[in-house]
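Okay, here's what each chain looks like letter by letter:
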Amino acid sequence: MPAVPPVASKTSPTFSPNDVTVLFVLGGPGAGKGTQCARLVEDFGFTHLSAGDLLRAEQTREGSEFGALIRDCIKDGSIVPMEVTVQLLENAMKDTIAAVRGGSGGAKARFLIDGFPRKMDQAFKFEEAVCPARLVLFFDCPEDEMERRLLERGKTSGRSDDNADSIRKRFRTFVETSMPVVDHYEKEGRVIKVDATPAPDAVYRDTQAKLTKVLGDNF
Ligand SMILES: Nc1ncnc2c1ncn2[C@@H]1O[C@H](COP(=O)(O)OP(=O)(O)OP(=O)(O)O)[C@@H](O)[C@H]1O
Ligand SMILES: O=c1ccn([C@@H]2O[C@H](COP(=O)(O)O)[C@@H](O)[C@H]2O)c(=O)[nH]1
């Protein structure tokens, strides 16, 4: 990964929304963002980029200067400094687009950016330096259901943050830091809200219907 400063010193975004469609995917920990993204990839041809997955990969990358910082933040449910995450996302988008151009070419890129932005500074920086987002998919789920899902996932996930103590901290971060991001986009009329409480198939039907209504059948 290159040194962090580039994203901080740019005046225009790397990608135009005319060429690249970005949907942010937000929701509390365990709301089912990853589960729904996998289905949207199949039906809408998105590339799925999970900010958490990119951070976990960077954490274990040999030679990374951010490994220890990322490990501590994830265990603690706190937010990694935005320069790191924005740069990882921009790199992943560039790699994806380069791979498409090297292949069939011409196709417009569309990305689901999952679990990001989690904080207002990330939202501003990403839209200013990388690409303005078309809209936000928000999966709304009560804490007791999210906790049940995460504790169940924790039996096999191997994730350092799928335990009762980390989950409690992640919920606090979500309420205090990430919900204001959802509220911000809601005020701008850019949020599609989906009830994520039902079973995955039902959540997906609702998601698909709402997304198609906004983006159109030919998206
Ligand atoms: N609608 C659902 N009903 C019941 N279980 C679900 C549902 N959606 C996802 N799950 C399960 O809940 C767990 C969390 O789902 P998932 O990983 O998709 O959530 P997430 O929002 O991406 O979580 P995180 O923010 O922690 O990465 C998984 O074990 C998944 O199989
Ligand atoms: O933009 C981001 C996204 C994630 N994090 C950290 O990663 C963990 C896990 O994220 P998941 O989306 O649940 O995989 C999250 O709790 C944060 O600690 C981040 O710092 N910034």
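This is a predicted model, so every value here is computed, not measured.

### Some thoughts on the UniProt feature "binding site: ATP" (unreviewed entry) in the protein chain
Here, the residues flagged by UniProt with the feature "binding site: ATP" (unreviewed entry) are Gly-30, Ala-31, Gly-32, Lys-33, Gly-34, Thr-35, Arg-153 and Pro-198. You can see Gly-34 is positioned in helix 1 (residues 33–44). For Gly-34, a count of 17 C-beta atoms within 10 Å gives the class partly exposed. Discounting residues that sit within four places of it in the chain, Gly-34 has contacts with Ser-50 and Asp-114. Looking at the element boundaries, Thr-35 is found in helix 1.

### Focus on unusual backbone geometry
Of the consecutive residues Phe-116 and Pro-117, the connecting peptide bond is found in the cis state with omega at -5 degrees. Tracing the backbone shows Pro-117 in the loop between strand 3 (109–114) and helix 5 (120–129).

### Some points on the site of ligand 1
The full set close to ligand 1 counts 16 residues, and Gly-32, Lys-33, Gly-34, Thr-35 and Arg-149 are the nearest of them. Of all the secondary structure elements, the ones that give two or more residues to the shell around ligand 1 are helix 1, helix 6 (143–154) and helix 8 (200–215). The element best represented in the shell around ligand 1 is helix 1, accounting for three residues.

### What to know about the site of ligand 2
Around ligand 2, a shell composed of 18 residues is seen, among which Ala-51, Gly-52, Val-80, Gly-115 and Phe-116 lie nearest. Broken down by secondary-structure element, the contributors of at least two residues to the shell around ligand 2 are helix 2 (51–60) and helix 3 (67–76). Per-element accounting of the shell around ligand 2 gives the leading share, three residues, to helix 2. Of the residues assigned to the shell around ligand 2, the class counts are eight nonpolar, seven polar and three charged.

### Description of the nonpolar core
With 45 residues, the main nonpolar core has Phe-24, Leu-89, Leu-112 and Ile-113 as its most contacted residues. Apart from residues lying up to four places away in sequence, Leu-89 is in contact with Leu-49, Ala-51, Leu-54, Ile-113, Phe-116, Phe-126 and Val-130.

### Let's talk about the pairing of strand 1 (residues 20–27)
Buried residues dominate strand 1, accounting for eight of its eight residues. Of the strand pairs in this sheet, strand 1 and strand 3 are connected by six bridges, and their pairing is parallel. Within the sheet, the bridge partner assigned to Thr-21 lies in strand 3 and is Arg-110. Pairing analysis gives four bridges linking strand 1 to strand 4 (residues 135–140), with the strands arranged parallel. Bridge pairing in strand 4 places Leu-23 opposite Leu-135.

### Observations concerning the UniProt feature "binding site: a ribonucleoside 5'-phosphate" (unreviewed entry) in the protein chain
Sites flagged by UniProt as "binding site: a ribonucleoside 5'-phosphate" (unreviewed entry) map to Arg-56, Ser-78, Ile-79, Val-80, Gly-115, Phe-116, Pro-117, Arg-118, Gln-122, Arg-159 and Arg-170. For the residues just named, distributed over 115 residues, the greatest C-alpha separation reaches 23.7 Å, placing them at more than one site. Locating Arg-118 in the fold gives a position in the loop between strand 3 and helix 5. Those residues in contact with Arg-118 that sit more than four places away from it in its chain are Ile-79, Thr-177, Ser-178 and Val-181. Inspection of the secondary structure puts Gln-122 in helix 5.

### Section: the pairing of strand 4
The pairing of strand 4 with strand 5 (residues 191–195) spans five bridges and is classified as parallel. Across the sheet, Leu-137 pairs through a bridge with Ile-192, a residue of strand 5.

### Observations concerning the sheet that holds strand 3
Ordered in space as 2-3-1-4-5, the five strands form an open sheet in which the pairing is parallel. Both edges of this open sheet fall to strand 2 (47–50) and strand 5, since each of them pairs with a single strand only. Averaged over all neighbouring strand pairs, the angle between strand axes comes to 20 degrees, with direction disregarded. Each of strand 2 and strand 3 is contacted by helix 2, which is oriented at about 60 degrees to strand 2, the strand it contacts most. Relative to the sheet, helix 8 contacts strand 4 and strand 5, its axis offset from that of strand 5 by approximately 160 degrees.

Rules used in this analysis
All residue numbers refer to position in the chain's written sequence, counted from 1. Both sets of labels track the order of writing: A upward for chains, 1 upward for ligands. Only residues with pLDDT of at least 70 are given local features in this predicted model, and only at 80 or more are side-chain atom pairs given and counted; all residues enter the totals for whole chains, interfaces and linings. UniProt positions are given in the numbering used here, feature names are shortened, and annotations may be inferred rather than shown by experiment. Each helix is a run of DSSP H or I of at least 4 residues and each strand a run of E of at least 2, with the numbering of both proceeding from the N terminus. The exposure scheme places C-beta atoms from the backbone and then counts, for each residue, the other C-beta atoms within 10 Å of its own, assigning buried at 20 or more, exposed at 12 or fewer, and partly exposed in between. For every residue pair, C-beta atoms are placed from the backbone, and the pair is scored as a contact if these atoms sit within 7 Å. Using the backbone to place each C-beta atom, any residue with that atom within 6 Å of a molecule or strand is considered near it. Classes in brief: Ala, Val, Leu, Ile, Met, Phe, Trp, Tyr, Cys and Pro nonpolar; Asp, Glu, Lys and Arg charged; the others, Gly included, polar. The term nonpolar core means buried Ala, Val, Leu, Ile, Met, Phe, Trp, Tyr and Cys residues held together as one set by C-beta atoms within 7 Å. Strand pairing is assigned whenever DSSP identifies at least 2 bridges connecting the two strands. Orientation is described by lines fitted to C-alpha atoms, with helices fitted over the stretch in contact, and by angles between N-to-C directions that extend from 0 to 180 degrees.

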